[in-house]
Amino acid sequence: MKEEKKKTDASSAPVVLCGASAYEQKYYLNESFQNLPEQIKQELKVMCVLYTEDIGGVFLLEFDENGTLQFCTEAKENDYSYDEIGSVLKIKELRRTKGDLLRSIELYYKVLTGKVRAADIPDSSGT
């Protein structure tokens, strides 16, 4: 699942949350999100690094202009070890198994950027 992105203007440019590269064997967490709880940062790291170990290429989690997390992957043109079919399956699995985590991060981002007011979030405790 290679995704081409059209660059328009800075206001609609995606905001990278985190990513990993099989080529450089590195993980990146946007420093704007350093205040996330340590457990969430670790889950994101494990998720990104395992993706690139299993599939190869580069894997990014980005927020679009609406605050929705997008899975972005890319591979070098002649990277025959990149598993394109496995990529689609792995992303489906991540959406299913990490859905609660991803929705929570989206909500956090929307509050952080003012797309949603914290007062408008329903209380999940049932009170």
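These figures come from a predicted structure and were not determined experimentally.

1. Notes on the pattern of salt bridges
- The tally for this structure, following the rule as stated, stands at four salt bridges.
- As a salt-bridge pair, Glu-38 and Lys-41 come within 3.4 Å of each other at their nearest N and O atoms. Taken together, the residues span about one helical turn, with Glu-38 and Lys-41 both in helix α1 (residues 38-54) at a distance of three residues.
- A salt bridge links Lys-98 to Glu-43; the shortest N-O distance between them is 3.4 Å. Of this pair, Lys-98 sits in the loop between α2 (84-97) and α3 (99-112) while Glu-43 sits in helix α1, and the two are 55 residues apart along the sequence.
- Judged by relative accessible area, Lys-98 falls into the partly exposed class, the value being 24%.
- Take Glu-43: its relative accessible area is 25%, and that puts it in the partly exposed class.

2. Notes on the nonpolar core
- Among the nonpolar cores identified, the biggest contains 25 residues, and Leu-17, Leu-44, Phe-59, Leu-61 and Ile-105 are the most heavily contacted of them.
- No other element matches α1, which puts five residues into this core.
- Beyond its immediate chain neighbours, meaning those up to four positions away, Leu-17 contacts Tyr-28, Leu-29, Asn-30, Phe-33, Leu-36, Leu-44, Leu-61, Glu-62, Phe-63, Leu-69 and Ile-105.

3. A closer look at the packing of α1 against α3
- Where α1 contacts α3, the axes come no closer than 12 Å and their chain directions differ by 120°. Judged by the angle between their axes, α1 and α3 are oblique. Taken as a pair, α1 and α3 cross one another with a handedness that is left-handed. Facing Ile-40, Glu-43, Leu-44 and Met-47 of α1, the residues of α3 in contact are Leu-101, Leu-102 and Ile-105.
- Class assignment for the residues of the contact of α1 with α3 results in six nonpolar, no polar and one charged.

4. Digging into the packing of α1 against α2
- Two numbers describe how α1 lies on α2: the axes approach to 11 Å, and their chain directions differ by 155°. By the criterion of interaxial angle, the relationship of α1 to α2 is roughly antiparallel. Read as a crossing pair, α1 and α2 show a hand that is right-handed. For the pair formed by α1 and α2, the contact residues are Met-47, Tyr-51 and Asp-54 on the first element and Ser-87, Lys-90, Ile-91 and Leu-94 on the second.
- Across the contact of α1 with α2, the residue classes break down as four nonpolar, one polar and two charged.

5. Remarks on the environment of Gln-70
- Assignment of secondary structure puts Gln-70 in strand β4 (residues 69-74).
- As a C-alpha pair, Gln-70 and Leu-102 span 32 residues in sequence and 10.0 Å in three-dimensional space.
- Look past the residues within four positions of Gln-70 in its chain and what remains in contact with it is Leu-60, Leu-61, Glu-62 and Asp-64.
- Among the polar contacts made by the side chain of Gln-70, one reaches the side chain of Asp-64 at a distance of 3.1 Å.

Parameters at a glance
Residues numbered from 1 in each chain as written. Predicted model: local features only at pLDDT ≥ 70, side-chain atom pairs only at ≥ 80, totals over all residues. Heavy atoms only, no water. Salt bridge = Lys/Arg side-chain N within 4 Å of Asp/Glu carboxyl O. Helix = DSSP H or I, 4+ residues; strand = E, 2+ residues; numbered from the N terminus. Buried < 20%, exposed > 50% of the residue type's maximum accessible area, 1.4 Å probe, protein only. Core = buried A, V, L, I, M, F, W, Y, C linked by side-chain atoms within 4.5 Å. Contact = heavy atoms within 4.5 Å. Axes fitted to C-alpha atoms, helices over the stretch in contact; angles between N-to-C directions. Parallel < 35°, antiparallel > 145°, perpendicular 65-115°, else oblique. Left-handed = near helix turned anticlockwise from the far one by under 90°. Nonpolar A, V, L, I, M, F, W, Y, C, P; charged D, E, K, R; others polar. Polar contact = N/O pair within 3.5 Å; in protein donor to acceptor, adjacent residues only side chain to side chain.

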